[in-house]
Amino acid sequence: MTRHPLLPRQPSSLAAAIEAATSRIAPAWPLASSIAVDPWWGFVGTPLPLVGARLAALAGLRSTPPRAWFREQLRRGAFSDDDLRAALAESGAPWSMDAVRGALALDPPAPPVRATLGSLLAARWDRPGAPGWRDRMVENVSPWFAAWFDRRPAAGEPFGRWREAARTDPFLGRFPGVRAALGALPDAPDAAVGQVAEQVGVPEAQREAWFTALLLDLNGWAAACAHRRFVARQQGGDDGDLTALLAVRAAWELAAWHAGGPELRAAWPDAVAAWPAIDRDALASTRVDWVLQRAAERGYERGLRHRLRAPAAPAAAPVLEVVACIDVRSEVLRRALEAEDPRIRTRGFAGFFGLPLAYTPLGASGAEPRLPGPLAPRLRAVDRAAPGLADRRQRRVASGGAWRELRRSPLGAFPYVEAMGLGYASRLVSDALGWTRPAPPPGTVGLTAGEAAAIRPRLDRVAPPDGDEPAARAALARSVLSAMGMTGARTPLVVLLGHGASTVNNPLAAGLACGACQGRSGEVNARALAALLREPAVRSALAADGTLPSPDTTFVAGLHDTVTDEVSLFDLDELPPGREAALRAAQAWFAAAGRRARAERAPRLGLPAHDDARLRDALRRRSTDWGEVRPEWGLADNAALVIAPRSAFRGADLAGRAFLHDYDADADPDGAVLELLLTAPMVVAHWINAQYHASTVEPRRFGSGDKVLHDVVAGGVGVFEGDGGDLRIGLPLQSVHDGRAWRHTPLRLLVVVAAPAGAIERVVRAHPTVAALADGWVHLRQWDLATGRWQAWRDGRWVDADG
Amino acid sequence: MSSLPLAWSALSVPLALAACAAAPRPWRVAPLGAAWGVVVGLGLAATALTGGAPAVASAWPDLPAAAVRIDAPTALVSAMVHVVGFAVLRFSRTALRDDPRGERAARAVCATLVGVSGFVLADHLVVSVLAWTAVGLAVHPLLTHADRPGARRAAREKFVVGRLAELALLAGLAAAAGLGAPLRASALAALPPDHPAVPVVALAAVAAVVLRTAVVPFHGWLVRVTEAPTPVSALLHAGVVNLGGLLLLRLAPAIDATPAARWLLVGVGVTTAVVGGLVAAVRPSVKSALAWSTVGQMGFLLLECGLSAWPLALLHLLAHSCYKAHAFLTAGSAVDHAAARRYAAAPPSPGPARGALAVAAAAGFAALALAVGAGAVALPGALILLATLPRGARTAPAGLAVAGGWAVAGGVADQLLVGHAAPDPAAVAVAVAAFVVGAAAALAREAAPDGAFARRAQPALLAGLWLDRPVSAAVATLSARARS
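Just so you know, these numbers come straight off a predicted model, no measurement behind them.

Novice: Can you break down helix α12 (residues 207-217) of chain A residue by residue, with the values?
Specialist: Of all eleven residues that make up α12(A), ten are buried, and the element is covered over most of its length. Of all the residues in α12(A), the buried ones are Arg207(A), Ala209(A), Trp210(A), Phe211(A), Thr212(A), Ala213(A), Leu214(A), Leu215(A), Leu216(A) and Asp217(A).

Novice: Which residues make up the packing of helix α4 (residues 102-121) of chain B against helix α5 (residues 125-143) of chain B, and what values do they have?
Specialist: Residue and element names in this part refer to chain B. Here α4 crosses α5 at 165°, and the two axes come no closer than 8 Å. Classified by the angle between their axes, α4 and α5 sit roughly antiparallel to one another. Like other packed secondary-structure pairs, α4 and α5 cross with a definite hand, here left-handed. Two secondary-structure elements touch here, α4 through Arg 104, Ala 105, Ala 108, Val 109, Ala 111, Thr 112, Gly 115, Val 116, Gly 118 and Phe 119 and α5 through Ser 128, Ala 131, Trp 132, Val 135, Ala 138, Val 139, Pro 141 and Leu 142. Of the residues assigned to the contact of α4 with α5, the class counts are 13 nonpolar, four polar and one charged.

Novice: Could you give an account of the interface of chain B and chain A, with specific residues and numbers?
Specialist: Size of an interface, as often reported, equals the accessible area lost when the parts are brought together. The partner chain A presents 93 residues to the 94 residues of chain B that form the contact. By the criterion of area lost to chain A, the three top residues of chain B are His326(B), Arg342(B) and Tyr343(B), representing 11% of everything that side buries. Across the chain B-chain A interface, the total number found is ten salt bridges. Note that Glu368(A) and Arg342(B) form a salt bridge whose closest N and O atoms lie 2.4 Å from each other. Linking chain B with chain A are 30 residue pairs in polar contact (both at pLDDT 80 or more). When residues of the side of chain B that touches chain A are assigned to their parent elements, the largest contribution, eleven residues, is made by helix α15 (residues 310-329) of chain B.

Novice: Help me get a handle on the sheet that holds strand β2 (residues 344-348) of chain A, residues and values and all.
Specialist: Residue and element names in this part refer to chain A. Strand order in the open sheet made by the five strands is β2-β1-β7-β8-β9, with mixed pairing throughout. Across the chains shown, the open sheet's two edge strands, defined by having one partner strand only, are β2 and β9 (566-569). When strand polarity is set aside, the average angle formed by the axes of neighbouring strands in this sheet is 25°. By the bridge criterion, eight bridges tie strand β7 (residues 493-500) to strand β8 (residues 554-561) in an arrangement that is parallel. For Gly 498, the partnering residue across the bridge sits in β8 and is Leu 559.

Novice: An account of the confidence of the model for chain B is needed here, citing residue identities and associated values.
Specialist: When pLDDT is averaged along chain B, the result is 92, and 99% of the positions lie at 70 or above. Confidence estimates for the predicted assembly give a pTM of 0.96 and an ipTM of 0.95.

Novice: Just give me the short version of the environment of His237(B), but keep the residues and values in it.
Specialist: All names here are of chain B. With respect to the helices and strands, the residue His 237 is situated in helix α10 (residues 230-240). With relative accessibility at 1%, the residue His 237 sits in the buried group. Residues His 237 and Asp 336, 99 residues apart in the sequence, show an inter-C-alpha distance of 23 Å. Excluding residues that lie within four positions of it along the chain, His 237 makes contacts with Leu 222, Asn 242, Ala 291, Thr 294, His 320, Lys 324 and Phe 328. There is a polar contact of 2.7 Å between the side chain of His 237 and the side chain of Thr 294.

Novice: I'd love a proper account of a nonpolar patch on the surface, names of residues and values included.
Specialist: Residue and element names in this part refer to chain B. A cluster of nonpolar side chains, namely Leu 4, Trp 8, Leu 15, Trp 60 and Leu 63, defines an oily patch on the protein surface of about 520 Å² accessible area. Checked against the element boundaries, Trp 8 lands in helix α1 (residues 3-22). For Trp 8, a relative accessible area of 37% puts it in the partly exposed group.

Novice: How would you sum up the packing of aromatic side chains? Please name residues and give values.
Specialist: Each pair of aromatic rings is reported with the distance of its centres and the angle of its planes. Throughout the structure, instances matching the rule amount to 31 aromatic pairs over all chains. On the numbers, 5.3 Å between centres and 80° between planes, the contact of Phe171(A) with Phe175(A) is edge-to-face. A centroid spacing of 5.5 Å and a plane angle of 70° characterise the contact between Trp626(A) and Phe91(B), whose relative ring orientation is edge-to-face. Highlighted residues: Trp626(A) in the loop between α26 (612-622) and β10 (640-643) and Phe91(B) in helix α3 (residues 72-95), drawn from two different chains. Accessibility expressed as a relative area gives 6% for Phe91(B), which makes it buried. Cluster of aromatic residues (ring-pair linked, three or more members): Trp144(A), Phe145(A), Trp148(A), Phe149(A), Trp221(A) and Phe720(A). Of note, Arg152(A) hangs over the ring of Phe149(A), and the distance from its end group to the ring centre comes to 5.2 Å. Stacked on the ring of Tyr343(B), the Lys or Arg Arg393(A) has its end atom at 4.0 Å from the ring centre.

Novice: How would you summarise the pairing of strand β14 (residues 718-721) of chain A if you had to cite specific residues and measurements?
Specialist: All names here are of chain A. Two elements, strand β13 (residues 710-713) and β14, share four bridges in a ladder whose sense is antiparallel. The residue of β14 that forms the bridge with Val 713 is Gly 718. Hairpin connection, β13 to β14: the antiparallel pair is bridged by four residues, and Ala 714 has positive phi, about 50°.

Novice: Describe the side chain of Thr388(B), listing the residues and the values that go with them.
Specialist: If you trace the backbone, Thr388(B) turns up in helix α18 (residues 375-388). A residue is classified by how much of its surface remains accessible, and Thr388(B), at 11% relative accessible area, is buried. Beyond its immediate chain neighbours, meaning those up to four positions away, Thr388(B) contacts Leu406(A), Thr395(B) and Gly399(B).

Novice: How would you summarise the sheet that holds β10(A) if you had to cite specific residues and measurements?
Specialist: Residue and element names in this part refer to chain A. Reading across from one edge, β11-β10-β16-β17-β18-β19 is the order of the six strands in this open sheet, with mixed pairing throughout. Of all the strands in the sheet, just β11 (658-661) and β19 (797-800) have a single pairing partner and so form its edges. Between one strand axis and the next, the sheet turns by 25° as a mean value, whatever way the strands run.

Novice: Residue-level account of α1(B), with values.
Specialist: Residues and elements named next belong to chain B. With 20 residues, α1 extends 29 Å from end C-alpha to end C-alpha; this agrees with the ideal 28 Å at 1.5 Å per step. At Ser 12, α1 shows its maximal bend, which comes to roughly 30°, and the proline Pro 14 appears one to four places after that position. Of all the positions in α1, only Leu 6, Ala 7, Ala 10, Leu 11, Ser 12, Val 13, Pro 14, Leu 17, Cys 20 and Ala 21 are classed as buried.

Novice: Which residues make up the pattern of salt bridges, and what values go with them?
Specialist: Residues and elements named next belong to chain A. In the structure shown here, the tally under the stated rule is 91 salt bridges over all chains. For Asp 187, the salt bridge identified is with Arg 163, shortest N-O distance 2.5 Å. Within this pair, whereas Asp 187 is found in the loop between α10 (178-183) and α11 (189-200), its partner Arg 163 is found in helix α8 (residues 158-166), the two being separated by 24 residues in sequence. Exposure remark for Asp 187: the relative accessible area of 59% places this residue in the exposed category. Salt bridges here are not isolated pairs; linked through shared partners, they connect Asp 83, Glu 90, Arg 294, Arg 298, Glu 301, Arg 302, Arg 781 and Arg 794.

Novice: Describe the environment of Thr271(B), with residues and values.
Specialist: In this structure, Thr271(B) sits in helix α13 (residues 259-282). Distance in space between the C-alpha atoms of Thr271(B) and Ala434(B) is 7.5 Å, their sequence separation being 163 residues.

Calculation criteria
Residues numbered from 1 in each chain as written. Chains lettered and ligands numbered in written order. Predicted model: local features only at pLDDT ≥ 70, side-chain atom pairs only at ≥ 80, totals over all residues. Heavy atoms only, no water. Buried < 20%, exposed > 50% of the residue type's maximum accessible area, 1.4 Å probe, protein only. Helix = DSSP H or I, 4+ residues; strand = E, 2+ residues; numbered from the N terminus. Axes fitted to C-alpha atoms, helices over the stretch in contact; angles between N-to-C directions. Parallel < 35°, antiparallel > 145°, perpendicular 65-115°, else oblique. Left-handed = near helix turned anticlockwise from the far one by under 90°. Contact = heavy atoms within 4.5 Å. Nonpolar A, V, L, I, M, F, W, Y, C, P; charged D, E, K, R; others polar. Buried area = accessible area lost by both parts, 1.4 Å probe. Salt bridge = Lys/Arg side-chain N within 4 Å of Asp/Glu carboxyl O. Polar contact = N/O pair within 3.5 Å; in protein donor to acceptor, adjacent residues only side chain to side chain. Pairing = 2+ DSSP bridges. pLDDT = per-residue confidence, 0-100. Patch = residues over 30% accessible without salt bridge, like charges linked within 9 Å, V, L, I, M, F, W, Y side chains within 5 Å. Areas by Shrake-Rupley, 256 points an atom, 1.4 Å probe, with all protein chains shown as cover. Phe/Tyr/Trp six-rings, centres within 6.5 Å; stacked < 30°, edge-to-face > 60°. Lys NZ or Arg CZ within 6 Å of the ring centre and 35° of its normal. Expected span 1.5 Å × (residues − 1). Bend = angle between axes of the 7 residues up to and from the residue.

Below you can see the structure in the form of structure tokens.
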């Protein structure tokens with residue numbers, strides 16, 4: 001065994017390498033509250049082509065589509081030869097156009113990947129048709145962590161427990177010396193990681209990269225552990241699962257080291273010595289892919305610029321204002337609404353409506369976050385309901401729980417099945433026909449339809465215990481309205497339109513819901529805010545200071561079902577009298593806009609658009625069919641974020657591909673709102689865009705695979721695809737692929753901001769995260785509304801977007 | 001009523017589904033074909049129960065192999081299979097809408113249902129074996145629908161074990177024919193118990209069923225078939241893997257007359273039931289837990305056959321299918337179910353005192369029941385006590401309801417099958433003892449989830465005690481040899 005000459009080490013360098021490697025893993029939220037996360041977020045700050053090369057070298061992961069996809073895009077005219085030429089010039093690469101065209105015509109083999117001891121052993125040990133070494137590793141580690149997440153013991157640490165279990169593992173027992181070697185590792189996971197690195201001779205400078213590669217090998221579980229750590233650190237604590245996972249994976253390296261015998265140990269130093277060359281190869285072979293990627297993005301950018309010209313003029317006196325989420329699906333409905341009547345104005349705002357809520361549903365034991373993932377809740381919402389209903393709900397759910405307990409107990413299942421099984425015949429038929437829902441929706445479980453309809457989510461106390469509550473409520477209302485740009489609203493009705501997707505039997509339902517509400521619908525936030533803005537004390541305060549000059553302006557909460565494009569409005573009995581006509585008009589407009597939006601979406605869903613009644617029924621079926629794997633396309637094909645006043649591009653058909661956030665630079669002289677928009681909604685939109693991108697270009701590791709194979713793990717920490725394997729994160733195949741072709745176009749987010757270049761630049765320079773994103777993780781453009789000119793932020797300065 | 005129209009109405013079901021399998025747009029018509037199967041099954045059951053039909057009807061008077069069973073159990077099983085088929089087809093029609101291999105899957109599901117119908121309806125055992133083979137071949141492309149190495153391995157294992165099962169049964173039938181036995185199940189069941197062919201047929205059938213019903217140690221493929229789409233799992237767990245139970249039901253007199261066959265069923269059955277139940281309770285993903293639960297339930301089915309509790313076995317065959325098909329098809333609702341648990345306090349784990357009480361009460365009850373000659377209630381009573389007592393008052397209402405429901409359902413099933421033997425008290429005692437030991441192990445683990453015992457047991461249970469490894473390894477070796 002060769003040992004690398006090791007310098008005397010600082011004890012902290014190991015900790016630093018572990019911290020750096022574990023920080024590369026972006027968290028994955030559990031299914032019920034799942035939000036989109038950029039899986040490469042741990043690398044933010046590094047230029048994206050370098051990240052791509054790193055992922056390729058460390059774990060064989062793709063970050064751009066295959067060449068064939070680019071060829072197809074070029075052939076279909078999605079980008080042009082000129083785009084390719086411009087992208088090449090932009091890249092600064094010293095290649096000729098012929099060389100790039102030549103590369104485009106080729107399907108190069110995947111670049112080599114850094115060997116691990118596991119992969120080195122697999123190359124010798126694996127036999128065709130039988131589970132390989134990595135399969136054995138995964139089938140040992142993955143169920144073990146699943147069980148750990150399922151039933152976490154009151155005390156204990158996963159690495160120690162895993163090692164205890166590994167001592168009886170018959171597979172590991174087949175290799176002499178492995179059990180003894182595992183037993184000789186230190187108990188502390190970080191020390192164990194360090195000892196393995198030392199024992200197998202990974203040079204100090206390579207440790208962080210090696211640890212990262214090991215974590216990426218179990219990327220799904222790493223991301224689940226990273227989420228635990230993210231939450232723990234958000235609350236001021238810490239969590240050791242991620243380091244323990246690294247230690248477990250490192251222990252398998254040690255197992256390979258012993259199982260591989262002298263031959264493997266002799267080959268290993270050469271493999272390690274080849275790592276830097278592999279890194280260089282990866283960079284060289286992926287560099288041209290990023291030129292192609294940029295060319296495709298230029299093609300889209302040209303089209304978007306063209307579409308953003310020549311806005312339609314709205315009528316001077318609006319009769320209805322609708323505030324909708326920035327979600328790309330709102331774009332379709334907003335455009336449809338505006339097309340119904342020039343007097344309708346719509347506005348884009350993050351769908352949590354500025355209320356960072358922790359919402360406790362009636363009778364629930366804990367609160368759930370209803371705000372964008374990176375933020376922490378600051379306000380509470382609760383359900384107002386008839387007295388005693390919470391108890392009744394708990395009792396009903398508990399009695400169902402007793403049945404479940406009996407059914408799930410090791411022996412109770414036998415009598416249960418024989419006594420009750422035949423009853424499931426009718427459930428089979430009624431669920432199959434869509435007459436019944438396989439499980440009550442979590443929002444209304446334990447409630448009758450009437451009880452559920454009577455529940456009203458409302459803001460709890462806002463002020464601190466000794467504070468002035470009425471003043472605090474008015475201040476909150478004022479600040480939200482001003483952030484929305486809704487101060488001075490005069491229309492009789494303002495609809496706060498959240499969105500959600502009604503689906504059944506869908507473990508990944510949260511992925512279709514509102515990303516700004518942590519994988520839930522925007523209903524609670526919209527209703528809480530509308531109710532706040534109807535409170536008489538709040539209204540008189542807002543009228544007094546001129547925030548809401550007209551006493552006639554009434555706020556109503558609504559929910560846009562993105563599967564059916566139907567809009568429901570809430571708490572209509574709380575509206576002041578005299579709004580009936582305005583309400584009827586609004587409902588008619590929503591119905592008409594829904595028809596328009598459905599017709600626009602129908603072709604993408606493979607449904608006929610000409611008969612709305614049939615189309616609506618088909619979509620309603622999709623939202624109630626237990627076998628449905630694609631109720632809608634969600635945010636597929638998202639490509640841009642436009643931060644601008646709606647009047648600047650009203651009527652532009654952005655094809656449901658753009659996030660829209662309203663912004664009026666004139667009303668934001670100090671740039672405070674702009675700062676908020678670039679640090680929050682832009683990050684969220686990028687996370688969504690990056691999740692779709694990664695799930696499309698690397699579906700095996702950053703996507704969760706085929707939904708018909710999904711198996712929910714540990715009550716919802718994630719899914720397995722089929723019988724085990726690593727935990728799967730990201731979007732399912734059905735969200736980005738239609739069975740024949742990719743339906744998401746993997747383009748980096750194009751962020752178009754109608755603000756002075758200097759104001760944008762100030763935010764970029766003040767926030768390292770924004771600067772890192774603007775450095776090619778998204779494409780940042782300044783849109784001068786007066787001249788129509790676009791400037792691009794490139795290499796730390798503004799350049800003409802055409803150059 | 002003359003038997004010819006009855007036979008042909010029964011046969012109209014596989015014929016309709018065969019037409020669906022060959023139809024240009026199978027998704028459109030296949031659920032209708034399955035629905036027709038439900039209608040015909042229920043109609044034939046009503047006819048049989050009102051005494052309007054013989055047990056066996058001939059579709060082709062000159063051809064003994066064309067004899068069709070139209071007794072009530074057959075009709076009910078057929079109706080149940082097509083209820084499952086209907087749900088599976090409706091589900092898959094949506095779930096596989098855009099799958100390029102979706103239509104192929106639709107045809108395979110229809111073909112599987114044709115095979116199942118053939119197996120269920122045939123009176124001639126050679127026809128049954130052929131139909132059983134057809135089921136295996138038809139379901140094969142569904143198992144490998146997702147082209148994944150794990151799916152191929154599971155399918156290969158099922159293929160090898162399944163064909164061995166059929167060879168065992170065919171060999172037994174050949175030997176029985178040599179001893180002068182008829183090969184029609186109805187005629188075989190009427191043989192005098194001391195006929196030399198009776199033990200041959202009984203043992204061959206039991207061997208085939210043990211191989212084919214995913215009991216330990218032949219269960220590996222079943223728990224890995226979550227590699228196939230969810231509706232395929234539903235079909236397999238509810239309409240395919242349990243068919244062996246029907247074969248045993250048909251041959252009940254022969255098995256009752258063959259103690260070795262009964263003891264084999266009891267031994268394999270109770271072992272599988274306990275292992276499957278224990279493993280299912282620790283598996284951390286929904287479908288995997290359901291698959292292990294099926295393993296346990298198949299063990300329970302064979303145990304009931306071994307205890308000559310034939311009416312309960314029939315009930316199990318019907319009830320488990322409906323339950324399990326529904327459980328698989330709604331596995332995607334796990335997140336909704338988990339969310340609902342926020343409205344109810346988490347159940348405390350049963351303490352050691354309650355656990356000990358349950359074990360003692362169950363053992364005592366079974367001993368008493370056996371002592372007074374009420375062997376038939378010993379096992380059900382013990383199981384109910386083991387399942388409900390540790391959890392106290394919370395699950396008591398559900399436990400009582402289950403006990404009542406079981407008694408009623410069992411009583412109804414009793415009316416469907418008459419003339420069965422009483423259980424062997426020794427076998428009942430063995431079964432109760434095994435369940436008590438299993439429950440004690442489970443309760444010890446639950447009472448101290450962090451204790452030394454639980455920490456040792458957990459990884460082993462998680463890996464299914466590695467009981468699938470020998471067969472899997474043997475099949476892998478065989479196929480590696482076959483390739484080279």
